[in-house]
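Fold and contact review
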Amino acid sequence: MAAKLTAAAVTLRLATADDYAAFVRLCPELGTGDPIPAADVWAATIAPTTLVATLADCVMAYCHFQEYDDTGYVRALVVDAANRRQGTGRILLTTVADHLRARGKTFWRLNVKPDNVAAIALYSSLGLRANYLAKSFRLPWSRLDDLPSFGAVVKTLTPDRDAPSEDCFSLPRGQLTVSRRLGRVLFEAVAPDGQASLGLAVFNPSFPGAFPFRVVDPRVARDLLTAMRLLVPNDPSVNLVVEDDEALAALLLRAGALLNLEILHMKGAL
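Nothing here was measured: the structure is a model prediction, and the numbers come from that model. (Residues numbered from 1 in each chain as written. Predicted model: local features only at pLDDT ≥ 70, side-chain atom pairs only at ≥ 80, totals over all residues. Heavy atoms only, no water.)

Some details on the overall build of the protein chain
Operational definition: Strands here mean DSSP runs of E at least two residues long; helices mean DSSP runs of H or I at least four residues long; both are numbered from the N terminus. In this setup the radius of gyration rests on C-alpha atoms only. A globule is expected at 2.2 Å times the number of residues raised to 0.38. Three labels apply to residues, based on accessible area from a 1.4 Å probe with only protein chains included: buried if under 20% of the type maximum, exposed if over 50%, partly exposed otherwise in between.
When you go through the protein chain residue by residue, the secondary structure sums to eight helices and twelve strands. Relative to the 2.2 N^0.38 estimate, which gives 18 Å for 270 residues, the radius of gyration of the protein chain is 19 Å and therefore close to what a compact globule would have. Dimensions of the protein chain, computed from C-alpha atoms along their principal axes, come out at roughly 60 × 35 × 35 Å. Considering the protein chain as a whole, with its 270 residues, one finds that 48% of them fall into the buried category.

So this is what it looks like as structure tokens:
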């Protein structure tokens, strides 16, 4: 049995563009089935807020996180199979937590597969608690017409609407600003009279997929999806993450969406 690693045995540093090969090797360990981002995406939008752990100069783990106004969001934590259960994940997370506190963040959150018992135990020991269940779907565009429409008006979300939308859909303040900076396309669905906000989609055309994807009525999903489809006319399907919304999940399944995986969202104080 390998000796348990200690903080002294592991070197932590910020990732660089040159760590892309290690990212390609480790990313599939997440088990999401998502395509691996290209090297330019890694260098521009992932590496700058990714901490890597090296052992004998070899990258054996990484933790990618984002910073919002008062919240840190751990987007991915990956440790290679040969070095799991030796404390590397804890070392990375505690270092990220210290960084977030120093930056004035008071909360942090992350996603994990519900059956990843070891990871959930680690996160729980660091003060994170289960918040809600999310589901990742793939919807063939050919099934879009099987969804009912609310008749909402969909438009590009402007920066002045970020804070009200985050409040309406229970998102951390600053998340939409960061999403826009990362090149996402932000859509807002409003009532026909232009008053009430009915839905929000943060769309990544290069994936293609939307996360967050929030609606106050499941029928608004079709209106948002119709706007998104105009940006990716040649893609056969779209990916959606439905968070804590069983009515929307059921509607997508009835329309022929395929469930990719379930995700447990955890949140805690720093």
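So, the pattern of salt bridges
As a reminder, the rule being used: Whenever Lys or Arg places a side-chain nitrogen within 4 Å of a carboxyl oxygen from Asp or Glu, that contact is recorded as a salt bridge.
Scanning the entire structure with this criterion turns up 14 salt bridges. Notably, a salt bridge pairs Asp19 with Arg13, separated by 2.8 Å at the nearest N-O pair. By relative accessible area, which is 31% here, Arg13 ends up partly exposed. Across the salt bridge formed by Glu67 and Lys105, the nearest N and O atoms sit 4.0 Å from each other. One end of the pair, Glu67, is in strand E3 (residues 58-67); the other, Lys105, is in the loop between helix H3 (88-102) and strand E5 (107-112), and 38 residues separate them in sequence.

Digging into the nonpolar core
Stated precisely, the cut-off is as follows: By convention a nonpolar core is built from buried Ala, Val, Leu, Ile, Met, Phe, Trp, Tyr and Cys residues, the set being connected through side-chain atoms within 4.5 Å. A contact between two residues is defined here by any heavy atoms of the two lying within 4.5 Å.
The biggest cluster of nonpolar side chains holds 31 residues, and the ones touching the most others in it are Phe213, Leu225 and Met228. Elements with a minimum of two residues in this core: strand E6 (129-140), strand E8 (185-190), strand E9 (197-204), strand E10 (209-215), helix H7 (220-229), strand E11 (237-243) and helix H8 (246-254). The element that contributes the greatest number of residues to this core is H7, accounting for six residues. Not counting chain neighbours up to four residues away, the residues in contact with Leu225 comprise Leu139, Trp141, Leu144, Leu147, Phe213, Val238 and Leu240. Within the second largest apolar cluster, 26 residues are counted, among which are Val96, Ala97, Leu126 and Leu128.

So, empty space enclosed by the protein
The cut-off we apply is this: Within this scheme a cavity is a closed region of a 1 Å grid, computed over the protein atoms alone, that accommodates a 1.4 Å probe without allowing it to escape, whereas a pocket is open but has protein on both sides within 12 Å along at least five of seven lines; lining residues each have an atom within 4 Å of a point. Grid points are joined across faces, edges and corners, and a volume is the space filled by probe spheres set on the points. Gly falls in the polar group here, along with every residue not listed as nonpolar (Ala, Val, Leu, Ile, Met, Phe, Trp, Tyr, Cys, Pro) or charged (Asp, Glu, Lys, Arg).
In total, this model carries two cavities of 30 Å³ or more according to the counting rule given. In this structure, the largest cavity encloses a volume near 50 Å³. Taken together, Tyr73, Arg109, Tyr132, Ser170, Leu171, Pro172, Gln175, Phe211, Pro212, Arg214 and Glu243 make up the lining of the largest cavity. It is E10 that provides the largest number of residues to the lining of the largest cavity, a total of three residues. In the lining of the largest cavity, the residues fall into six nonpolar, two polar and three charged. A volume near 30 Å³ is recorded for the second largest cavity. If you go around the second largest cavity, the residues you meet are Leu133, Ala134, Lys135, Val242, Asp244, Asp245, Glu246 and Ala249. Of the residues assigned to the lining of the second largest cavity, the class counts are four nonpolar, no polar and four charged.

Some points on the sheet that holds strand E2 (residues 50-55)
As a reminder of what qualifies: Note on pairing: DSSP must find at least two bridges between two strands before they are called paired. Here the axes come from fitting lines to C-alpha atoms, over the contacting stretch only for helices, and the angles between their N-to-C directions go from 0 to 180 degrees.
Pairing is mixed across the open sheet formed by twelve strands, whose spatial order is E1-E2-E3-E4-E5-E12-E6-E11-E10-E9-E8-E7. Lying at the two open borders of the sheet, with one neighbouring strand each, are strand E1 (11-14) and strand E7 (153-156). Put simply, the sheet's adjacent strands are angled 25° from each other on average, direction ignored. Bridge count between E8 and E9: six bridges; the pairing is antiparallel.

Structural notes on the side chain of Ser237
Among the structural elements, Ser237 can be located in strand E11. Beyond its immediate chain neighbours, meaning those up to four positions away, Ser237 contacts Arg138, Leu139, Pro140, Trp141 and Pro208.

Remarks on the side chain of Asp162
Take Asp162: it is sitting in helix H5 (residues 162-168). The residues contacting Asp162, other than those within four sequence positions of it, are Leu157, Leu176, Thr177, Arg180 and Leu186.

Observations concerning the pairing of E10
Applicable threshold: For the handedness criterion, the strands are oriented away from the viewer, and a crossover whose path from the first strand over the helix to the second runs clockwise is classed as right-handed.
Among the seven residues of E10, six are classified as buried, and the element is accordingly described as predominantly covered. Judged from the five bridges that link them, E9 and E10 form a sheet pairing that is antiparallel. In the strand pairing of E10, Asn204 is matched with Gly209. Counted along the chain from E9 to the antiparallel partner E10, the turn is four residues long. Both E10 and E11 contribute to a ladder of two bridges, which runs parallel. Bridge pairing in E11 links Ala210 to Leu240. At this point the chain moves from E10, through H7, to the parallel E11, and the crossover so formed is right-handed.

Topic: H7
Here H7 lies mainly inside the structure; seven of its ten residues are buried. Residues of H7 that are buried: Val220, Ala221, Asp223, Leu224, Leu225, Ala227 and Met228.

Remarks on the pairing of E9
The buried fraction of E9 amounts to eight of the eight residues, a majority that puts the element mostly inside the structure. From the end of E8 to the start of E9, which pair antiparallel, there are six residues, and Gly194 there has a positive phi angle of about 80°.

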